[in-house]
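Summary of structural features
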Amino acid sequence: AGALPKRSLLIGQFLYYSGVISWKTLIDAIVWQRGQRPLIGQLARDWRKLSEHEIQIILMRRRLGEKFGECAIRAGFLTRFEVMALLGAQSRRQRPIGEYFLRQNILGTREMEHMLRRQQSHNRRVATKSRF
């Protein structure tokens, strides 16, 4: 907690810096959110871009810290365009992080809406100042 950073913040960050949630709650929410979205390999299989066997090959060939999509491109299984399309689909299927705070009864609907308005106001304020 403390003063809000003078940069644009995601809602989870804004809640943390506003003192509404703890660091542990923020991390728990991020883990929950990531667990809600489908894996790129699963999406590629669903779209019939990769077989289960090809997914296993990509996973075995991944370098330390390399993302699945990067390895799939490097290994010639997917194009950069296909990976971008898969990432877009993954992003659209990801649940909003605010849903975690509502489901866990950390915030009520009205409080969440209020905090979203405050976050948007903060982000507009810092964006305006950074242009000058």
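Residues numbered from 1 in each chain as written. Predicted model: local features only at pLDDT ≥ 70, side-chain atom pairs only at ≥ 80, totals over all residues. Heavy atoms only, no water.

Here the focus is the overall build of the protein chain. For the protein chain, the count of helices and strands is 8 helices and 0 strands. Taken against the 2.2 N^0.38 rule, which gives 14 Å for 132 residues, the C-alpha radius of gyration of the protein chain at 19 Å runs more than 25% over that of a compact globule. For the protein chain, the spread of C-alpha atoms along the three principal axes comes to 50 × 40 × 25 Å. Across the 132 residues of the protein chain, 33% fall into the buried class. Carbon and sulfur atoms make up 52% of the accessible area of the protein chain, which amounts to about 9100 Å² in all. Taking the average place of the 25 positive charges on the side chains of the protein chain and the average place of its 10 negative ones, the gap between the two points comes to 8 Å. (Helix = DSSP H or I, 4+ residues; strand = E, 2+ residues; numbered from the N terminus. Rg over C-alpha atoms; globule rule 2.2 N^0.38 Å. Buried < 20%, exposed > 50% of the residue type's maximum accessible area, 1.4 Å probe, protein only. Areas by Shrake-Rupley, 256 points an atom, 1.4 Å probe, with all protein chains shown as cover. Lys, Arg positive; Asp, Glu negative; His and termini not counted. Charge placed at Lys NZ, Arg CZ, Asp CG, Glu CD.)

Side chains of a nonpolar character, in soluble globular proteins, are inclined to be buried together. By size, the foremost hydrophobic cluster in this structure holds 15 residues, and its most contacted members are I11, L15, I21 and F101. Of all elements in the fold, only α1 (11–17), α2 (23–36), α7 (97–103) and α8 (109–130) reach the threshold of two or more residues within this core. Residue contributions to this core peak at 4 residues, all from α1. Excluding its chain neighbours within four sequence positions, the residues that come into contact with L15 are V20, I21, F101, L107, M112 and M115. Residues I40, F68, C71 and L78 belong to the second largest nonpolar core, which totals 13 residues. (Core = buried A, V, L, I, M, F, W, Y, C linked by side-chain atoms within 4.5 Å. Contact = heavy atoms within 4.5 Å.)

Taken together, the side chains of W23, I27, I30 and V31 present a nonpolar region at the surface, about 370 Å² in accessible area. By the secondary structure assignment, I30 is in helix α2. Overall, the relative accessible area of 33% leaves I30 in the partly exposed class. (Patch = residues over 30% accessible without salt bridge, like charges linked within 9 Å, V, L, I, M, F, W, Y side chains within 5 Å. Salt bridge = Lys/Arg side-chain N within 4 Å of Asp/Glu carboxyl O.)

The calculated volume of the largest pocket comes to roughly 510 Å³. Elements represented by at least two residues in the lining of the largest pocket include exactly α3 (40–46), α4 (52–61), α5 (68–74) and α6 (80–93). Considering only residue class, the lining of the largest pocket consists of 10 nonpolar, 4 polar and 9 charged. When its volume is computed, the second largest pocket comes out at roughly 170 Å³. For the second largest pocket, the full set of lining residues is R7, L10, G12, Q13, Y16, Y17, W23, L26, I30, Q33 and I97. Elements that contribute at least two residues to the lining of the second largest pocket include exactly α1 and α2. Residues of the lining of the second largest pocket, tallied by class, amount to 7 nonpolar, 3 polar and 1 charged. (1 Å grid on protein atoms, 1.4 Å probe; cavity = no way out; pocket = protein on both sides within 12 Å on 5 of 7 lines; lining within 4 Å. Points joined across faces, edges and corners; volume = space filled by probe spheres on them. Nonpolar A, V, L, I, M, F, W, Y, C, P; charged D, E, K, R; others polar.)

Moving on to the side chain of Q33. With respect to the helices, strands and loops of the structure, Q33 is situated in helix α2. Of the residues examined, Q33 reaches a relative accessible area of 14% and is grouped as buried. Look past the residues within four positions of Q33 in its chain and what remains in contact with it is Q94, R95, P96 and I97.

Attention now moves to the environment of D28. By the element assignment, D28 lies in helix α2. For D28 and Y100, which are 72 residues apart along the polypeptide, the C-alpha to C-alpha distance reads 8.9 Å.

With that settled, the discussion passes to α6. With 14 residues, α6 should reach 20 Å at 1.5 Å per residue; the first-to-last C-alpha distance of 20 Å fits that figure. Those residues of α6 that sit buried are V83, L86, A89 and Q90. Along the axis of α6, the buried positions cluster into a sector of 125 degrees, meaning they face one direction only. In α6, those exposed residues whose orientation departs by more than 90 degrees from the buried face are R80, F81, M84 and R92. As for α6, its buried residues are in contact with α3 and α5. (Expected span 1.5 Å × (residues − 1). Arc of directions from axis to C-beta.)

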